[in-house]
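Letter by letter, the chains look like this.
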Amino acid sequence: MTRIDAKFESLRARGKKAFVSYIMAGDPNPEVSLEIMRGLPDAGVDIIELGLPFTDPMADGATIQLAGQRALESDMTLQKTLDMARTFREDDDTTPIVLMGYYNPIYSHGVDAFLRDAKDAGIDGLIVVDLPPEEDAELCIPAQEAGLNFIRLATPTTDDARLPRVLENTSGFVYYVSITGITGAANAEGADVGPEVARIKSQTDLPVIVGFGIKTPEKSREIAGISDGAVVGSAIVEKIGAGNSPADVLAFVKSLSDGAHSS
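Below: a short report on this structure. Remember, it's a predicted structure, so these values are computed and weren't measured experimentally. Residue indices begin from 1 for each chain and proceed along its sequence in written order. Only residues with pLDDT of at least 70 get local features here, since the model is predicted, and only at 80 or more are side-chain atom pairs given and counted; chain-wide, interface and lining totals rely on the full set of residues. Excluded from the side-chain calculation are hydrogens and water; included are all heavy atoms of the structure.

With that settled, consider the pairing of strand β9 (residues 229-232). Every second residue of β9 is oriented toward a common face, with Gly229 and Val231 on one face and Ala230 and Val232 on the other, all of them buried. Pairing geometry for strand β1 (residues 18-24) and β9, over four bridges, is parallel. Counted as the bridge partner of Val20 is Val231 from β9. Only protein chains enter the accessibility calculation, which uses a 1.4 Å probe; a residue is then buried when its area is under 20% of its type maximum, exposed when over 50%, and partly exposed in between. In this text, helices come from DSSP runs of H or I with a minimum length of four residues, and strands from runs of E with a minimum of two, each type numbered from the N-terminal end. Only strands joined by at least two bridges in the DSSP assignment are considered to pair.

In structure tokens:
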């Protein structure tokens, strides 16, 4: 059982939904980024999505793209991202960390070396947005064999013919993207999300977590109420990009987690 599996088991036992937060590793600089990361569990975060900076983040909107640029300008690399996770693990051995990003840095590092190093750093799962199920032999299956969850995205355009293929080698949880388009582009609407979550859950026993378009505590509560949990990324990253202090960022995160946990 991975930390992700254990977290969902614990949440189910307490009748709670999950709150997942995304931050970009190294944004606005490595020191502040680590300070924020360390504060996330006390702010009510159940699972941390740690963004891996990349030069061509094609699925991300301006907010996440700018965060990646700030991180790269601070000399953040894949190795330094793993080092950040390793440092976090010195004080927290229970909060799951999902590394989210693109395949190119992993490929450049070498898949076998990356999986070994990620596992050693305390990474629990991977979301690699530009590797479709047809490429499962490339990273997904080796990751599972190494003891890492490989989390797949489902979207409003994932129809009934495609969904079984998407779910086939997914583990940990399913990440449902509530809107079409890039991150931060629109608001998630419960009336649209609810039937899609039900459709996915009819084909898998995995938790279904909903992200994209969740920006307020009220929306976090609404979306968590019709799924197994909510993910917030762009709204948090916007606070970091605006120069808010770590304390202010974490207070905002706490308001979002309180919303999800009250559903």
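Mapped onto the fold, Lys7 is located in helix α1 (residues 3-13). Only four residue types enter the charge count, namely Lys and Arg as positive and Asp and Glu as negative; His and the chain termini do not. Here a salt bridge means any side-chain nitrogen of Lys or Arg lying within 4 Å of a carboxyl oxygen belonging to Asp or Glu. Of the side chains bearing the opposite charge, Asp46 lies closest to the buried Lys7, which forms no salt bridge; the N-O distance is 4.3 Å. Discounting residues that sit within four places of it in the chain, Lys7 has contacts with Asp46, Ile47 and Pro96. Should any heavy atoms of two residues lie within 4.5 Å, those residues are counted as being in contact.

Quick look at helix α11 (residues 234-241) now. Restricting attention to buried positions, one finds in α11 the residues Ser234, Ala235, Ile236, Val237 and Ile240. Buried residues along α11 sit against β1, α2 (30-39), α3 (62-73), β9 and α12 (246-261). Directly after α11, the chain includes Gly243, whose backbone phi takes a positive value near 90°.

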